[in-house]
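Breakdown of the fold
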Amino acid sequence: MPPVPAGDAGRGQRLMAAEGKRRRRRGGRAAIAAGVVIAAGAAAIASTGVGFAGVLEVFGGKKSTTEAGSTLPPATATITRETLVDAVTLSGDLGFGSTTSVFGRLTGTVTWLPGIGSQVVRGKPLYRLDNKPVVLMYGRLPMYRALKSGDSGADVKQFEQNLSALGYDGFTVDNDFTSSTASAVREWQDDLGLSETGTVDLGRVFYASGQIRVDSQKLALGNVTGPGSTVLTYTGNSKVVSVELPYDYRQMAKKGAPVTVTLPDGETLPGKISSAVMVIKPAASSTEKDTTVIEVSVTANDPKKLAGLDEASLEVAFASSERKDVLTVPVAALLALSEGGYGVQLVEGDSARLIAVKTGLFANGKVEITGDGLAEGATVGMPA
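Quick notes on the rules
- Residues numbered from 1 in each chain as written.
- Predicted model: local features only at pLDDT ≥ 70, side-chain atom pairs only at ≥ 80, totals over all residues.
- Heavy atoms only, no water.
- Core = buried A, V, L, I, M, F, W, Y, C linked by side-chain atoms within 4.5 Å.
- Buried < 20%, exposed > 50% of the residue type's maximum accessible area, 1.4 Å probe, protein only.
- Helix = DSSP H or I, 4+ residues; strand = E, 2+ residues; numbered from the N terminus.
- Contact = heavy atoms within 4.5 Å.
- Expected span 1.5 Å × (residues − 1).
- Pairing = 2+ DSSP bridges.
- Axes fitted to C-alpha atoms, helices over the stretch in contact; angles between N-to-C directions.
- Phe/Tyr/Trp six-rings, centres within 6.5 Å; stacked < 30°, edge-to-face > 60°.
- Lys NZ or Arg CZ within 6 Å of the ring centre and 35° of its normal.
- Patch = residues over 30% accessible without salt bridge, like charges linked within 9 Å, V, L, I, M, F, W, Y side chains within 5 Å.
- Areas by Shrake-Rupley, 256 points an atom, 1.4 Å probe, with all protein chains shown as cover.
- Salt bridge = Lys/Arg side-chain N within 4 Å of Asp/Glu carboxyl O.
- Lys, Arg positive; Asp, Glu negative; His and termini not counted.
- Charge placed at Lys NZ, Arg CZ, Asp CG, Glu CD.
- 1 Å grid on protein atoms, 1.4 Å probe; cavity = no way out; pocket = protein on both sides within 12 Å on 5 of 7 lines; lining within 4 Å.
- Points joined across faces, edges and corners; volume = space filled by probe spheres on them.
- Nonpolar A, V, L, I, M, F, W, Y, C, P; charged D, E, K, R; others polar.
- pLDDT = per-residue confidence, 0-100.

1. Looking at the nonpolar core
- Core analysis: the biggest nonpolar cluster contains 22 residues, and Val 241, Leu 245, Val 261, Val 296, Val 298, Val 316 and Phe 318 have the highest contact counts within it.
- For this core, the elements supplying multiple residues, two or more each, are strand S2 (80-95), strand S12 (240-246), strand S13 (258-262), strand S14 (268-281), strand S15 (291-300) and strand S16 (313-330).
- Contacts of Val 316, omitting those with residues within four sequence positions, involve Val 88, Thr 89, Leu 90, Val 241, Val 243, Val 259, Thr 260, Val 261 and Val 298.
- If you look at the next biggest cluster of nonpolar residues, it comprises 19 residues, including Leu 147, Val 185, Trp 188 and Leu 192.

The structure is reproduced here in structure tokens:
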């Protein structure tokens with residue numbers, strides 16, 4: 001303000017007072033704007049669960065300062081390109097998964113049973129009746145009839161595939177049970193100590209999807225059994241993690257979907273969903289309702305990592321959302337803009353400028369961002 005002549009002292013005092021008011025008004029508006037931005041930024045970042053000591057902001061295109069003479073943020077981070085995954089983590093129990101019952105089809109006296117925990121593979125006895133074996137074979141179609149020359153169907157082919165895998169030959173693996181198949185069957189029966197009839201009796205073979213582990217014995221030696229009796233139960237022979245997934249998360253229960261398993265010591269293992277079955281759990285009391293859950297079995301990509309563990313409670317992370325090949329920054333790098341939305345402070349050499357961004361998926365403390373001037377490897381400012 002220019003000097004005021006002595007004769008205009010009263011007018012000068014009035015001009016100085018008016019100038020002071022204008023300065024206070026300008027300062028008040030700037031303070032209010034800054035307060036709005038900082039408060040909005042605090043709310044946005046706090047909502048993601050990431051705290052901070054202060055928010056670094058840029059106003060009117062000018063560089064922000066955190067210390068006298070400094071034009072750069074107190075800390076920085078790098079823009080990365082990655083696959084961003086949001087996950088739901090639940091507790092699961094390590095074991096051998098669900099059990100399956102072996103129902104007998106033949107009548108006789110139980111003369112041998114495999115031990116609990118033992119493994120049975122293709123072609124080996126699953127149990128013995130009257131000292132004759134009931135043999136394990138691999139397949140998904142249960143045996144529902146005796147097989148003999150002249151029969152045709154998928155069950156014939158399944159049985160022939162097993163005979164061939166066991167080393168028997170001289171026949172064609174197809175849907176037809178021919179005289180050549182009967183010859184191979186007689187050779188197989190001779191090796192098992194069975195009567196060489198060339199016909200496979202109903203109940204002489206039990207099919208499972210692969211080798212099995214005996215979980216329990218339902219009969220004792222000397223028991224007499226017949227069609228429909230439960231002889232034993234079995235599981236798969238690889239350890240799995242069993243998880244009850246709430247019904248609301250059913251979209252994540254897809255067979256083959258990738259998961260991450262966390263061991264008690266904190267080591268993480270990649271895995272996948274091997275099975276998912278919807279079940280209804282009865283209510284605990286008459287005042288409650290039945291609940292629907294998804295029983296999920298998870299296998300590790302490297303089963304040996306689980307082999308040394310006994311029964312344990314493990315954490316399993318199921319992917320709920322995924323964004324591939326996107327630019328990300330730490331959530332704490334976001335700055336709320338006074339005009340709305342978010343921005344990041346792009347650091348270039350010894351200067352910094354604010355860039356508006358659009359946010360996408362938030363996961364694991366990071367956020368997907370898009371906007372002009374963003375590139376993988378660029379540096380962004382971080383709040384103090």
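Moving on from the model shown.
2. Side note on helix H2 (residues 154-165)
- In this model, H2 (12 residues) spans 17 Å end to end at C-alpha, consistent with the 16 Å of a helix rising 1.5 Å per residue.
- Looking at H2, one finds that the buried residues are Asp 155, Val 156, Gln 158, Phe 159, Glu 160, Asn 162 and Leu 163.
- If you follow the buried residues of H2, they end up packed against strand S7 (132-138), helix H3 (179-192) and strand S8 (205-208).

3. Section: the sheet that holds S8
- Taken in spatial order, the 5 strands line up as S8-S7-S6-S4-S10 in an open sheet, and their pairing is mixed. Only two strands of the sheet have a single partner each, and these edge strands are S8 and strand S10 (224-225).
- Relative to S7, strand S6 (residues 125-129) is paired through 4 bridges, and the arrangement is antiparallel. Looking at the pairing, Arg 128 lines up with Pro 133 of S7.
- Running over the sheet, H2 touches S7 and S8 and is turned about 90 degrees from S8.

4. A closer look at the sheet that holds strand S11 (residues 230-236)
- As summarised here, the arrangement of the 4 strands in space is S3-S11-S9-S5, forming an open sheet in which the pairing is antiparallel. Taken across any chain shown, the strands that pair with only one partner, and hence form the sheet edges, are strand S3 (100-103) and strand S5 (119-120).
- As paired strands, S5 and strand S9 (residues 212-217) are joined by 2 bridges and run antiparallel to one another. Its bridge partner being in S9, Val 120 is matched across the sheet by Ile 212.

5. Regarding the pairing of strand S21 (residues 379-382)
- Pairing of strand S1 (residues 75-78) with S21, which is carried by 4 bridges, proceeds in the antiparallel orientation. Its bridge partner lying in S21, Thr 76 is registered against Gly 381.
- Of the pairings in the sheet, the one linking strand S18 (residues 342-348) to S21 comprises 2 bridges and is antiparallel in character. Looking at the pairing, Leu 346 lines up with Val 380 of S21.

6. Observations regarding the packing of aromatic side chains
- All chains considered together, the criterion is met by 2 aromatic pairs.
- Ring plane angle 75 degrees and centroid distance 5.5 Å describe the contact between Phe 159 and Trp 188, whose orientation is recorded as edge-to-face. One end of the pair, Phe 159, is in helix H2; the other, Trp 188, is in helix H3, with 29 residues separating them in the sequence.
- For Phe 159, a relative accessible area of 1% corresponds to the buried category.
- Take Trp 188: its relative accessible area is 2%, and that puts it in the buried class.
- On the basis of an interplanar angle of 85 degrees and a centroid distance of 6.1 Å, the ring pair of Phe 206 and Tyr 234 is categorised as edge-to-face. Placement of the pair is Phe 206 in strand S8 and Tyr 234 in strand S11, with a sequence separation of 28 residues.
- Looking at Arg 213, its charged tip hangs above the ring of Phe 96, at a distance of 4.0 Å from the centre.

7. Looking at the pairing of S7
- The buried fraction of S7 amounts to 5 of the 7 residues, a majority that puts the element mostly inside the structure.
- A loop of 2 residues connects S6 with S7, the two strands running antiparallel in sequence, and Asp 130 in this loop sits at a positive phi of about 50 degrees.
- Looking at chain direction, S7 and S8 are connected through 4 bridges and run parallel. Bridge assignment links Tyr 138 to a residue of S8, and that residue is Ala 208.

8. Structural notes on a negative patch on the surface
- Judged by side-chain charge, Asp 169, Glu 187, Asp 190, Asp 191 and Glu 196 come together as a negatively charged surface patch.
- Mapped onto the elements, Asp 190 comes out in helix H3.

9. Observations concerning empty space enclosed by the protein
- Considering all chains together, one arrives at 1 cavity of 30 Å³ or more under this definition.
- In this structure, the largest cavity spans a volume of roughly 40 Å³.
- Met 143, Leu 147, Asp 155, Gln 158 and Tyr 207 are the residues that line the largest cavity.
- Residue classes in the lining of the largest cavity are distributed as 3 nonpolar, 1 polar and 1 charged.

10. Focus: the confidence of the model for the protein chain
- In this model, the protein chain carries an average pLDDT of 83, and 81% of its residues clear a pLDDT of 70 or more.
- Every residue in residues 1-69 is under pLDDT 50, and counting partners more than four places away or in other chains gives 57 contacts.

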